[in-house]
Amino acid sequence: MLSCSITLLSQTLKRKGKRKRKTKTKNKIRTKLKINKNVCKKQKSIAKNQQLEEEEEEGFNLKCSAPSNSHGVQPLGNLYLNPGSVNSRNTGLGNLQILSDELVLEILGLLECPQLGVLATVSKSFYVFTCHEPLWRNLVLDYLRGGFSYNGSWKVTYITNFYPSFDVSRGTPFSGLRVRDFYSDYLFQSWLCANLEMKPEWLERDNIDRKRGISVDDFVMNFEEPNKPVLLEGCMDDWDALGKWDRDYLINLCSDVQFSVGPVKMRLKDYFNYSDQVKEERPLYLFDPKFAEKVPTLGSEYEVPVYFREDLFNVLGNERPDYRWIIIGPAGSGSSFHIDPNSTSAWNAVIRGSKKWILFPPDVVPPGVHPSPDGAEVACPVSIVEWFMNFYGATKNWKKKPIECICKAGEVIFVPNGWWHLVINLEESIAITQNYVSRRNLFNVLDFLKKPNASELVSGTRDRINLYEKFKNAIEASFPGMIDELMLKAEEKKAQEKKLSFWDSVTDWKAGAFKFSF
Amino acid sequence: MSRKITLKSSDGELFEVDEAVALQSETMIEADNILTLPNVTSEILAKVIEYCKMHVESPEADDRAAADELNRWDLDFINLPDTTLLDLIRAAHHLKIKGLVDLACSKVADRIKGKTAEQIREYFNI
């Protein structure tokens, strides 16, 4: 399969060892951070010949588990504080320096381990680039799929697996060589986001409605119909899962079952081994749509809260799109801004841990997010942490503030259809989520499935183009006349609203059918 | 009549392209009638346009022969001197032409493979 020159790798390591011993004097350096709109307080950098050490950045807390350096990579701002300083990033890349960091990494992403090993010995600059963890993550996932045993970092995981005779216990080389005078916003940012803790002010705002013990009618009238989010308490009290689902129980129950984790499948035990150790910007997230089929006991230890039991996609039986997921992930894992597929509504129940939610209504695109015109793609190029760093502050001054909350174990959040949402786990979390269609949402869903570009937009099923026909016919078969009845009601309602708004316009132009205020 | 877009290179040369050709570049298609590219020389711009012209129509999904022929053309096209290649990557990235970025990056990666550290230093002029 792969033939890697072990000699080259060990040469690299020996050199690293030497350099590491040279630079012993520690000194505290404060770094100036300029990351898009968030500018940290300016701090001085100290003279040369001193080792760089990351410290608590003004305004940012690093996780206590953060490695003490990112090979000494500094943000570009520091270069400008050091007149006369040369960026070893550039001198070490030679002609390649004209390319941005992302393009350099794109080229490196096409190389295998042996070439990366050789490149690491070419220059300090190449060394730093070839240490970029996502490169090694891709190699591990490509070659080992989900069958890897995570060992501290992706690079070490790869080496441990393919070069088992290589002695990885020689700790020092693998904590990394420090280089001086290497400035790169991209690489620094990447490291920072992997090791940043959530700032308290990102977690403070909690403006969602919270309800306990309301009736289904209440819920439908006040939240589902007006399409408004709500956090529901007390509707998981009867769940076996709440008391039973901890790590040991789940590992015992699920043993060798393979769960979907990003692009691969893994056993629970292997996933937890990874999630315990990982420090990265976008941790792999366990998100499995077939968990109840794979382990029926899991399906039996929870039940759909009473508010969400009307689910018209049921009429499709086994042909319904994916609709329920078990979600497990470490602190920092989550989903960046998106709208749920097929125009469905959703509920998300936290069994263990806690999640921070940010929600924007359908007509308000969150800052930093760029949906394509046809809606087929949503680009949110930044990771969750980076979004908080760069865009969260802006929402404070917006009139259209988002709805935010922290959802803890035992709580269920209702995500109305079409709402943008972002979720981040604040600690290791286990949750169940389901998407559903009720009568209130039926037309939206039918409209969505009918769209000409259904083949790209519709998700969770292999039969995208026909789903509209199938679903419509199945509804007619199981609930004859329902569609017509709902159509009539909708038309009546429209007529009513027109009337109302006319009278309102006479008396008070501000009132109307508008549902939300921010 | 289809829209034409004018591109202006860093050395002042003007190139006119059909809309169909420009469609492959997000930057081009979003521009007004004239797009100035202060970081792209006429030599590189000519190459970019040559690529886009060839790729106006993707071969049909089941037309293996056409796909192979296009691949061969690509491989021949991308066999450029190293500095040209890097300039091309930068220009294609700026113009958001994914296919060309991928093609050119693959070529650079190929040239790295098999070289020793010393050869790489020489190759990149480090």
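All values derive from a computational prediction rather than experimental measurement.

Draft legend 1. Summary view of the interface of chain B and chain A. Taken residue by residue, the interface counts 23 residues in chain B and 20 residues in chain A. Of all residues in chain B, L86, F124 and I126 of chain B bury the most surface against chain A, accounting for 25% of the area lost on that side. Where chain B packs against chain A, one counts zero salt bridges. Across the contact surface, chain B and chain A share four residue pairs in polar contact (both at pLDDT 80 or more). The set of elements that each furnish at least two residues to the side of chain B that touches chain A consists of α5 (82-94), α6 (98-112) and α7 (117-124) of chain B.

Draft legend 2. Region of the structure containing the packing of helix α7 (residues 133-144) of chain A against helix α8 (residues 154-162) of chain A. All names here are of chain A. For the pair α7 and α8, the least separation of the axes is 7 Å and the interaxial angle reads 40°. As for the relative orientation of α7 and α8, their crossing is left-handed in sense. On α8, the residues touching E133, W136, R137, L139, V140, L141, Y143 and L144 of α7 are W154, K155, T157, Y158, N161 and F162. Counted by class, the contact of α7 with α8 contains nine nonpolar, two polar and three charged residues.

Draft legend 3. How the structure looks around the sheet that holds strand β9 (residues 334-338) of chain A. All names here are of chain A. Pairing in this open sheet of four strands is antiparallel, and the strands run β9-β16-β11-β14 from one edge to the other. With one partner strand each, in any of the chains shown, β9 and β14 (403-408) form the two edges of the open sheet. The mean angle between the axes of side-by-side strands here comes to 15°, regardless of whether they run parallel or antiparallel. Taken together, the six bridges between strand β11 (residues 354-360) and strand β16 (residues 420-425) define a ladder with antiparallel strand orientation. Looking at the pairing, I358 lines up with L422 of β16.

Draft legend 4. Quick peek at the confidence of the model for chain A. Residues and elements named next belong to chain A. Across chain A, pLDDT averages 81, with 78% of residues at or above 70. Note that residues 1-58 has pLDDT below 50 and, in this model, 111 contacts with residues that lie over four places away or in other chains. The low-confidence segment residues 508-518 (pLDDT under 50) makes 13 contacts with residues lying over four places distant or belonging to another chain.

Draft legend 5. How the structure looks around the pairing of β16 of chain A. All names here are of chain A. Of all six residues making up β16, six are buried, and the element is well covered by its neighbours. The two faces of β16 match: W420, L422 and I424 on one face and H421, V423 and N425 on the other face are all buried. Taken together, the three bridges between β9 and β16 define a ladder with antiparallel strand orientation. Residue pairing for β16: S335 is matched across the bridge by V423.

Draft legend 6. Geometry of empty space enclosed by the protein. Residue and element names in this part refer to chain A. Inspection of the entire model under this criterion finds two cavities of 30 Å³ or more. Its volume calculated, the second largest cavity comes out at about 30 Å³. Mapped by element, the contributors of at least two residues to the lining of the second largest cavity are α14 (247-254) and β8 (324-329). Class assignment of the residues belonging to the lining of the second largest cavity gives a composition of eight nonpolar, no polar and no charged.

Draft legend 7. Molecular detail of the sheet that holds strand β2 (residues 14-18) of chain B. All names here are of chain B. Taken in spatial order, the three strands make up an open sheet running β2-β1-β3, and their pairing is mixed. Both edges of this open sheet fall to β2 and β3 (34-36), since each of them pairs with a single strand only. The mean angle between the axes of side-by-side strands here comes to 25°, regardless of whether they run parallel or antiparallel. Inspection of the sheet shows strand β1 (residues 4-8) paired to β2 by five bridges, in the antiparallel sense. What sits directly across from K4, in β2, is D18.

Analysis parameters
- Residues numbered from 1 in each chain as written.
- Chains lettered and ligands numbered in written order.
- Predicted model: local features only at pLDDT ≥ 70, side-chain atom pairs only at ≥ 80, totals over all residues.
- Heavy atoms only, no water.
- Contact = heavy atoms within 4.5 Å.
- Buried area = accessible area lost by both parts, 1.4 Å probe.
- Salt bridge = Lys/Arg side-chain N within 4 Å of Asp/Glu carboxyl O.
- Polar contact = N/O pair within 3.5 Å; in protein donor to acceptor, adjacent residues only side chain to side chain.
- Helix = DSSP H or I, 4+ residues; strand = E, 2+ residues; numbered from the N terminus.
- Axes fitted to C-alpha atoms, helices over the stretch in contact; angles between N-to-C directions.
- Left-handed = near helix turned anticlockwise from the far one by under 90°.
- Nonpolar A, V, L, I, M, F, W, Y, C, P; charged D, E, K, R; others polar.
- Pairing = 2+ DSSP bridges.
- pLDDT = per-residue confidence, 0-100.
- Buried < 20%, exposed > 50% of the residue type's maximum accessible area, 1.4 Å probe, protein only.
- 1 Å grid on protein atoms, 1.4 Å probe; cavity = no way out; pocket = protein on both sides within 12 Å on 5 of 7 lines; lining within 4 Å.
- Points joined across faces, edges and corners; volume = space filled by probe spheres on them.

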